[in-house]
Amino acid sequence: MATLTFHGATRQVTGSCYLLETAHSRVLIECGLFQGPPEVDHLNERPFPFKPRDIHAVVLSHAHLDHSGLLPRLKREGFDGKVYATTQALELLDIMLKDAAHIQEKDTEWENRRRERAGDRPIAPLYTLQDVEAVLELGEPLVYGQKIRITQDIEICLRDAGHILGSAIVELWVDDDGRQKKIVFSGDLGNAATPLLRDPEIVRSADVLLLESTYGDRDHRPLPETLKEFADILAQAERDGGNVLIPAFAIGRTQELIYHLGEFYHAGKLPQTKVFLDSPMAIAATEVHQRHMQVFSREARTAIRQNGGGNAKDFLPPLHYVRSVEESMSLNRITAGAIIIAGSGMCSGGRIRHHLKWNLWREAVHVVIVGFQAQGTPGRALVDGAQRLRLLGEDIVVRAHIHTLGGFSAHAGQSDLVKWAGHFQPHPQLYLVHGELDKMQALQARIKDVHGWEAQIPAEGQVIQL
Ligand code: ZN
């Protein structure tokens, strides 16, 4: 009898990992990193609840680390199968995992210096660049809609999830002693309102459905309202004579922002004459996007074709890429008329900290927060109205205007999730994953109301028979 075990992203949003076992094969769907406060972060070091060398293949919905970030450790501990994902997801995975390994190695080096001073034994990083390179070798690129047999008794097909470039909904067909069973994993479903990517594909049949619930409790603010507010902020910053700083996530959000700024430019609504993308990782991700415009939405492809073509710098002429540290530092001399997009998204690392240090104390500056800010991060402190901020060892007074734009989410809101799931007829067994418990309960209640359908909320380690 085939089984599915929930090994992560149960009642939380990180650490996605589901194990599918049949008479002949063991396939892992996702191998995600746990991200959050130390007690959650610690879960990354616990032994895998299975033997990595016994896993025949991994299927990956998309490149975000909470879905992919433990793959290098899986490889180091003996996994030697293939990693199936879309071509675009694998290209982004290359960027994300290398960056993650770099951060792990740096953090460990720092921690070990402290340990040495305290007379403690040194620790090893979770994984290294070498582990990352080894697992990237195992990547097996797929295109959307391509059905492929990955083991003796399991076939898969990836459908566009519209969440980030190359993101997928995973369909799996399992041959269970002559009876075929179908599992669908939603992955992270995109927000239909965002223009760059296509809407999540509709799937209609499954025996078992795993549905993400990140925003299971609410709908997002409509995008047109958010864009109007964004344009107003840019106009105000120009009148005030200051810069606009945008702490941005390198993959996905940054490319959406470039697209929106390009549209503003062509509509005569971009007063700033310079847009600096100050993040080598975001630049690399933008170049991956440029190579794969065929998976953009029809609307985005048309807009880009009519306004300069496939290069981000043609679509948004004021765009400048800032690669070197020296160039990044030279931006400190610019006090007005520029938009600076730099990572990290929550201001906890990266070049944005330097720009905040040089701009936050100026009244004419506008800081635009475009993504989720976790508790304890400098970005969250700004959102919460901090009067002063400790940055790079200096205490900086906050005189800049801080704006939070909540409408740019890359996730489907509650109504979209309920509607997407409703296309499955007859209703499969439904399990809610990838969400905090209260969000899952809200979604569970809503699905019951709208479709009269009972959703389960699985616990960590729970096993279901197919
Ligand atoms: Zn994601």
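Throughout this description, residue numbers start from 1 for each chain and increase along the sequence as written. Thresholds applied to this predicted model are a pLDDT of at least 70 for local features of residues and 80 or more for the giving and counting of side-chain atom pairs; totals over whole chains, interfaces and linings are not thresholded and use all residues. Only heavy atoms go into the side-chain values, all of them from the structure, while hydrogens and water stay out.

Draft legend 1. Structural detail: the sheet that holds strand E15 (residues 338–342). Here, any two strands with at least 2 DSSP bridges between them count as paired. Under the DSSP-based scheme used, a helix requires at least four consecutive residues in state H or I and a strand at least two consecutive residues in state E, with every element numbered from the N terminus. Taken together, the 6 strands give an open sheet; going across it, the order is E14-E13-E15-E12-E16-E19, and neighbouring strands pair in parallel fashion. This sheet does not close on itself; its edge strands, each paired only once, are strand E14 (319–321) and strand E19 (401–404). Pairs of neighbouring strands in the sheet enclose a mean axial angle of 20°, with direction left out of account. In terms of strand pairing, strand E16 (residues 366–369) meets E19 through 4 bridges, oriented parallel. Directly across from Ile-369, in E19, lies its bridge partner Thr-404. Whether two residues are in contact is decided by their heavy atoms: any pair within 4.5 Å suffices. Under this scheme, a helix contributes an axis fitted over its contacting stretch, all axes are lines through C-alpha atoms, and angles between N-to-C directions fall in the 0 to 180 degree range. Contacts from helix H6 (residues 223–240) reach strand E12 (244–247), E15, E16 and E19 within the one sheet, and its direction differs from that of E16 by about 165°.

Draft legend 2. Up close: the side chain of Gln-414. Counting through the fold element by element, Gln-414 comes out in helix H14 (residues 414–422). Apart from the residues lying within four places of it in its own chain, the contact partners of Gln-414 are Tyr-215, Gly-216, Asp-217, Arg-218, Asp-219, Ala-442, Leu-443 and Arg-446.

Draft legend 3. Summary view of the nonpolar core. In terms of nonpolar packing, the biggest core is built from 106 residues, with Phe-230 and Leu-261 touching the most fellow members. The greatest single-element share of this core, amounting to 9 residues, is contributed by helix H4 (residues 87–118). For the domain bounds, the source is a domain assignment made automatically or taken from a database. Composition of this core by domain shows at least three residues from each of domain 1 (3–218 + 410–465) and domain 2 (223–408). Once you skip the residues sitting within four places of it in the chain, Phe-230 turns out to touch Ile-246, Leu-257, Leu-261, Phe-264, Val-368, Leu-405 and Phe-408. Among buried residues, the Ala, Val, Leu, Ile, Met, Phe, Trp, Tyr and Cys ones that are joined through side-chain atoms within 4.5 Å form a nonpolar core. Only protein chains enter the accessibility calculation, which uses a 1.4 Å probe; a residue whose area is less than 20% of its type maximum is buried, one above 50% is exposed, and one in between is partly exposed. Among the nonpolar cores identified, the runner-up in size contains 22 residues, and Ala-161, Leu-189, Leu-417 and Trp-453 belong to it.

Draft legend 4. Region of interest: the domain arrangement of the chain. Looking at the assigned domains, one finds that the chain contains domain 1 (3–218 + 410–465) and domain 2 (223–408). Inter-centroid distance (C-alpha atoms) of domain 1 to domain 2 is 29 Å. Each partner contributes residues to the interface: domain 1 has 20 residues there, and domain 2 has 22 residues. Accessible area, probed at 1.4 Å, shrinks when two parts are joined; the buried area is that loss added up over both. Buried area between domain 1 and domain 2, both sides added, is near 1,900 Å², and the carbon and sulfur share of it is 69%. The largest contributions to the domain 1 side of the interface with domain 2 come from Leu-165, Pro-195 and Leu-196, which together make up 36% of the buried area. A side-chain nitrogen of Lys or Arg and a carboxyl oxygen of Asp or Glu constitute a salt bridge if their distance falls within 4 Å. Here domain 1 and domain 2 share 1 salt bridge between them.

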